[in-house]
There are 2 protein chains.
Amino acid sequence: MFALAESDPELSKDDASLIEDRLRTALLKAQYARLKQQNCALLIVIAGIDGAGKGATVAMLNEWMDARHIRTLAFGPPAPDEHGRPWLWRYWQQLPAKGKTGIVFGSWYRPLLKEAARKKPRQKRILALSRVIRDFENTLAQNGVQVVKLWYHLSQRAQVQRTEKLLSDPDTAWRVKPEDLKVKKKFPRLRDAGALAITLTHETHAPWVVIPAADTQMREISTGQVVLAALRKRRIAPAQPLVQASEAIMAPPAPSLADLDYDAKLEDDEYDTLLPDWQGRLARLVRHEKFAQTPVVLVFEGQDAAGKGGTIRRITHALDPRQFRAIPISAPTKDELAHPYLWRFWRDLPIPGHISIFDRSWYGRVLVERVEKYASETEWQRAYDEINQFESQLLDSGTVVLKFWLAVSKEEQLKRFHEREASPFKSFKITPEDWRNRKQWDAYIKATNDMFQHTSTQACPWHMVSANDKRHARVAVLRHVVRALEDALGLD
Amino acid sequence: MFALAESDPELSKDDASLIEDRLRTALLKAQYARLKQQNCALLIVIAGIDGAGKGATVAMLNEWMDARHIRTLAFGPPAPDEHGRPWLWRYWQQLPAKGKTGIVFGSWYRPLLKEAARKKPRQKRILALSRVIRDFENTLAQNGVQVVKLWYHLSQRAQVQRTEKLLSDPDTAWRVKPEDLKVKKKFPRLRDAGALAITLTHETHAPWVVIPAADTQMREISTGQVVLAALRKRRIAPAQPLVQASEAIMAPPAPSLADLDYDAKLEDDEYDTLLPDWQGRLARLVRHEKFAQTPVVLVFEGQDAAGKGGTIRRITHALDPRQFRAIPISAPTKDELAHPYLWRFWRDLPIPGHISIFDRSWYGRVLVERVEKYASETEWQRAYDEINQFESQLLDSGTVVLKFWLAVSKEEQLKRFHEREASPFKSFKITPEDWRNRKQWDAYIKATNDMFQHTSTQACPWHMVSANDKRHARVAVLRHVVRALEDALGLD
């Protein structure tokens, strides 16, 4: 894999300068063409052996291209605000919009490379990390973010020479980092780690290219040519079959709306006792010291007028306003449309001790976007897996995720629509769109049951709650939240 | 000030329900009218004595209005990522866009109230805090963010009764916070602190209203009425004369472009020695442990083709890509236009150990926006003070701020324009806009000199650098950055 790169090929300055001018012009042209088309973003991952000029490459790309439309995404050790978030969170935050280019330095390969370079690498962790990376890059590729990965490489001999030359001059000695000095001893291990990572994650839609890095001209021209080819390749990769699709979806049997008992109800006096009782229990829980370590995500979906807002308010009533955010999800903005559809949800994830309450959610992809045909069948079909992966990354990071479906019968919905229309301060809640959705009632039922089928996993099941009686629904949800939190905090 | 509120006035449930329906309808109507007009945002500050139902008010407003267009901005103690940032940073991050409403809980009054409630309040700090608050609210009011501040109040007797009642029932006891128990003893001090804060910060464009809070109906209806009045008041406050305008602008004598020596230059061999020398010094500096405590802001302004990009790259060459961000500033996006013009710059401030390099900056307000008349004269005149306040808050938080003006002569600019046009990979840098700007040369010179006059302060002076010779400019800027950092870190 590294035979060519380790022969340390060279390019003379004269030859390079002949190519460079044309290459830079072509790069700029390709960059502008992309900006104009805006059909996908480009992420250039910079990785490689230490001391192979990765930093210099970032500077070069910024100089050769129009730096105003490039963003360098350089990541070091996790920042304090990343604690308790899935490890891919930082990369989701910084995804470039369609048309733009991002150069990633300190990428999502770092944990995998670190593990693979250990004296005794843990195979299980290597496989798990590379699986998450492949899922991530696949989701990106399918959602308008092209990924190209460059591995900078040189021979051990060239590496040592370079370090010695830099160290010999006080003006350049600072360029040698402590890691560079250690690399000599570790060279074979680092090389094998790179080879392993490349083998496990080289995909048509996110390919690796090895760049010979010993000679500056060779490194620069090769980089420019690879980036040019990537910029010109505008077609988005075709959908990849997902190998692990069935893995997450095992027991319990998915709920179905047909099984629901719509008659469940609570009398006034029961409600007046139970509601403050569960609210008090929730209030004490979220003030418990263990809670400060736990991020919580609550997802509310359901038919229009099922009472999601009222149920959410009964929960937030028990919370300190500083520890939750209620996030109403409506049609995506222009900026959100320029990113993968999961992007906006990644931006609203809670830190430990906080609760993000989604009033509608990422499930819109397989509900309204499916029924209204905003998403193609390929897109919403694929979304089941993307959503399962997203939630599984949340769970892995220690987040508690609870998903509720509030269900009303068709008759009850009609009654509520009429009530809302009659009330001067509730009429805003009922729009022509609600009536249009109602006409599609059966299509939504089918989409909902399919969603349960594909996304009610063992680790993150759906909770279906009858909301024909609002009091029943509120207490049922509260009770569920309390019990799940007690369970998660080990307090039951 | 609190006489009425401390008489604990009541409103019967019957009277309240008569008013409530009409009030809620009117609130929704006013909210939608604002959303449609989009000419200013509304910030509702919720403050008051402990145990006066502030949390319940937030819930009520979310229920009475359309919660999808309200955002509750609840702030606790500073989060880890706020360390090293000006204390107002968190509020700038969360400003609602024009048309939207934000409810602020844990507002910028907290430090002032805390100080004023001490046994021995420090007068100097109280005055300093209230000055910063008045400047902040003035900047908001002048830039499309209306502020209304509600103080929830009740008598000491009512406060004690409320706490006792809540404590007597296990379902409500959790509502009593530890602070609420202490309030009994501290009531007079907290009340006086509130009165002082209100007196110091009550302004036509950001008024305080005291809400009687002992009785739930009275509290809810009063709140609704005040918010309604605020929503209906669509006109933005007229410009306020700024009392402290001249304070920050004292010595040193402001630079003027007429004084510049455009002949300063470096020979090739001097440059080849000096550049790596200063880059090495910078590289060692930013890797020093003291640097990890320091946020740095570098501002680059100058005529078109003065070589800002090349100078910035000579600096970043010495930096680790993970510790800086180069931020090219161009025309504001739609989202940015919906916020005060300083908002986008607040979003790009560095954390300690990081450098934000602005390629053009907030000074656009008094340069291009003035010359091209994108900003009215009132707006750009006012901007000098707003900018001085912004920079002084940065300095107060420990940020090192350096401002460079790269100057080229009119002849040199023409020469560079022609060179750029002739180069296939530099021609993208020259646009019809550059030629248009060039025709306005004299207007820009005037705007620049005025800018120096008003914003070159003792604490944050402008550094004017001749850039007719690029090598001279690069080394001069590098030297300046290094010396300023050595000075700030106490390393010279």
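Keep in mind that what you see is a predicted model, and the values were worked out from it rather than measured. (Residues numbered from 1 in each chain as written. Chains lettered and ligands numbered in written order. Predicted model: local features only at pLDDT ≥ 70, side-chain atom pairs only at ≥ 80, totals over all residues. Heavy atoms only, no water.)

**Observations regarding helix 15 (residues 377-396) of chain B**
Residue and element names in this part refer to chain B.
No. 1: Under the 1.5 Å per step criterion, the end-to-end length of helix 15 is 29 Å for 20 residues, consistent within 8% with the ideal 28 Å.
No. 2: The principal kink in helix 15, of about 30°, is found at A383.
No. 3: Among the residues trailing helix 15, G398 stands out with phi positive, at a value near 95°. (Helix = DSSP H or I, 4+ residues; strand = E, 2+ residues; numbered from the N terminus. Expected span 1.5 Å × (residues − 1). Bend = angle between axes of the 7 residues up to and from the residue.)

**Section: the relation of the copies chain A and chain B**
What connects the two chain copies is a rotation about an axis and a shift along it.
No. 1: Turning chain A through 180° and shifting it by 0.0 Å along the axis lays it on chain B, with an RMSD of 0.0 Å. Given the turn and translation reported, the copies of this chain are related as if by a two-fold rotation axis.
No. 2: A shared binding surface is used by both copies, with 100% of the interface residues of chain A retained as interface residues in chain B. (Least-squares fit on C-alpha atoms with pLDDT ≥ 70 in both. Contact = heavy atoms within 4.5 Å.)

**Re the domain arrangement of chain A**
Residue and element names in this part refer to chain A.
No. 1: The domain architecture assigned to chain A consists of domain 1 (3-232) and domain 2 (257-489).
No. 2: Computed over C-alpha atoms only, the centres of domain 1 and domain 2 are separated by 40 Å.
No. 3: Opposite the 20 residues of domain 1 that make contact, domain 2 presents 22 residues.
No. 4: When the two sides are added together, the surface that domain 1 and domain 2 hide from each other amounts to roughly 1800 Å², 57% of it contributed by carbon and sulfur.
No. 5: Together, P86, W92 and N143 form the three largest contributors to the area buried by domain 1 at its contact with domain 2, with a combined 32%.
No. 6: At the boundary of domain 1 and domain 2, one finds nine residue pairs in polar contact (both at pLDDT 80 or more).
No. 7: Listed by contribution, the elements that provide at least two residues to the side of domain 1 that touches domain 2 are helix 4 (89-93) and helix 6 (123-142).
No. 8: Per-element accounting of the side of domain 1 that touches domain 2 gives the leading share, five residues, to helix 6.
No. 9: Among the residues making up the side of domain 1 that touches domain 2, the classes are represented as ten nonpolar, six polar and four charged. (Domains from an automatic or database assignment. Buried area = accessible area lost by both parts, 1.4 Å probe. Polar contact = N/O pair within 3.5 Å; in protein donor to acceptor, adjacent residues only side chain to side chain. Nonpolar A, V, L, I, M, F, W, Y, C, P; charged D, E, K, R; others polar.)

**Structural notes on the pattern of salt bridges**
No. 1: Using the criterion set out here, one finds 54 salt bridges over all chains in the structure.
No. 2: For the salt bridge of E336 of chain A with R344 of chain A, the shortest nitrogen-to-oxygen distance reads 3.4 Å.
No. 3: Of the residues examined, R344 of chain A reaches a relative accessible area of 14% and is grouped as buried.
No. 4: A salt bridge links R471 of chain B to D469 of chain B; the shortest N-O distance between them is 3.2 Å.
No. 5: Overall, the relative accessible area of 11% leaves D469 of chain B in the buried class.
No. 6: Three or more residues are tied together by salt bridges with common partners; here these are E115, R118, R122 and R125 of chain A. (Salt bridge = Lys/Arg side-chain N within 4 Å of Asp/Glu carboxyl O. Buried < 20%, exposed > 50% of the residue type's maximum accessible area, 1.4 Å probe, protein only.)

**Considering the interface of chain A and chain B**
Often, the extent of an interface is quoted as the loss of accessible area upon association of its parts.
No. 1: Every contact between the two is made by 42 residues of chain A and, on the other side, 42 residues of chain B.
No. 2: When chain A packs against chain B, the two sides together hide about 3800 Å² of surface, and 61% of this comes from carbon and sulfur.
No. 3: In terms of surface lost to chain B, no three residues of chain A exceed W174, R322 and F425 of chain A, which account for 20% of the buried area on that side.
No. 4: Counting across the chain A and chain B interface gives two salt bridges.
No. 5: As a salt-bridge pair, E63 of chain B and R313 of chain A come within 3.5 Å of each other at their nearest N and O atoms.
No. 6: Across the contact surface, chain A and chain B share four residue pairs in polar contact (both at pLDDT 80 or more).

**Concerning the packing of helix 6 (residues 123-142) of chain B against helix 8 (residues 178-201) of chain B**
Residue and element names in this part refer to chain B.
No. 1: At a closest axis distance of 10 Å, the pairing of helix 6 and helix 8 adopts a crossing angle of 50°. The angle between helix 6 and helix 8 falls in the class oblique. Between helix 6 and helix 8 the crossing geometry is right-handed. Contacts between helix 6 and helix 8 involve I126, L127, S130, I133, R134 and E137 on the former and, on the latter, L196, L200 and T201.
No. 2: Looking at the contact of helix 6 with helix 8 residue by residue, the classes come out as five nonpolar, two polar and two charged. (Axes fitted to C-alpha atoms, helices over the stretch in contact; angles between N-to-C directions. Parallel < 35°, antiparallel > 145°, perpendicular 65-115°, else oblique. Left-handed = near helix turned anticlockwise from the far one by under 90°.)

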